[in-house]
Amino acid sequence: MRLFRRRRHSEIPSLNTSSTADISFMLLIFFLVTSSMDAGKGLQRQLPPPPQDQEQVADILDSDIMTVTLNAEGELTMNGDTVSLQRLQEEVRKFAAVNPHHRVVAIKTDPQTRYEDYFQLQNALVTAYKPLKCAPRVSEVIEEKGGGQP
């Protein structure tokens, strides 16, 4: 009698991958919870409500308006004179100290103005108003290219 030997087909062992998705999800959650997210710079300002149809525009005297212009190169002018941020801050503090609730700082900017320059200007204005214990009343006008009227 002859015995036949059967060759065993060797099977490739397989990995149990049923929990791979669970492990990946747990690792993702772990890294999201433990990593630090850098907060971007921003301005925390509450915008005024939109004007109502019946709302009357208050008359403001020209002497109660300070015009600050920030051009694309980052140069600051206050009522036509070139100033630094520190000097602007001092002048705004003096200007607003007389009657902070009726004084307005009008900011004119160029569309090409860098965000960093605008950010520094806003911080200087807020710092100038801090000792007065009131929020600055700022109107912002963005000049259009080509010298259009603000």
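Residues numbered from 1 in each chain as written. Predicted model: local features only at pLDDT ≥ 70, side-chain atom pairs only at ≥ 80, totals over all residues. Heavy atoms only, no water.

Visitor: What's the story with helix α2 (residues 85-98) in this structure? I'm lost.
Guide: The α-helix winds at 3.6 residues per turn, so residues separated by three or four positions along the chain end up facing the same way. With 14 residues, α2 extends 21 Å from end C-alpha to end C-alpha; this agrees with the ideal 20 Å at 1.5 Å per step. Burial in α2 covers these residues: Leu88, Gln89, Val92, Phe95 and Ala96. Buried residues of α2, seen end-on, are gathered within an arc of 135° and therefore sit on one face of the element. In α2, those exposed residues whose orientation departs by more than 90 degrees from the buried face are Gln86, Lys94 and Val98. Considering only its buried residues, α2 is in contact with β1 (65-70), β2 (76-78), β3 (81-83), β4 (104-109) and α3 (115-129). (Helix = DSSP H or I, 4+ residues; strand = E, 2+ residues; numbered from the N terminus. Expected span 1.5 Å × (residues − 1). Buried < 20%, exposed > 50% of the residue type's maximum accessible area, 1.4 Å probe, protein only. Arc of directions from axis to C-beta. Contact = heavy atoms within 4.5 Å.)

Visitor: When you look at the pattern of salt bridges in this model, what are you seeing that I'm missing?
Guide: If charged atoms from side chains of opposite charge come close, those side chains can pair. Counted by the stated rule, this structure contains two salt bridges. For the salt bridge of Glu91 with Lys94, the shortest nitrogen-to-oxygen distance reads 3.9 Å. Residue Glu91 and its partner Lys94 are both found in helix α2; the two are separated by three residues, about one turn of the helix. Using a relative accessible area of 54% as the deciding quantity, one classes Lys94 as exposed. A salt bridge links Asp117 to Arg114; the nearest nitrogen and oxygen atoms lie 3.1 Å apart. Note on Asp117: relative accessible area 14%, which makes it buried. (Salt bridge = Lys/Arg side-chain N within 4 Å of Asp/Glu carboxyl O.)

Visitor: What is the right way to read the environment of Glu90 from this model?
Guide: You can see Glu90 is positioned in helix α2. Considered as a pair, Glu90 and Leu125 are 35 residues apart in the sequence and their alpha carbons are 9.5 Å apart.

Visitor: How should I be thinking about the packing of aromatic side chains in this particular structure?
Guide: Pairs of aromatic rings are described using the distance from one ring centre to the other and the angle between the two planes. All told, the structure shown has two aromatic pairs when counted by the stated rule. Arranged with centres 5.3 Å apart and planes meeting at 70°, the rings of Phe30 and Phe31 form a pair that is edge-to-face. With relative accessibility at 53%, the residue Phe31 sits in the exposed group. (Phe/Tyr/Trp six-rings, centres within 6.5 Å; stacked < 30°, edge-to-face > 60°.)

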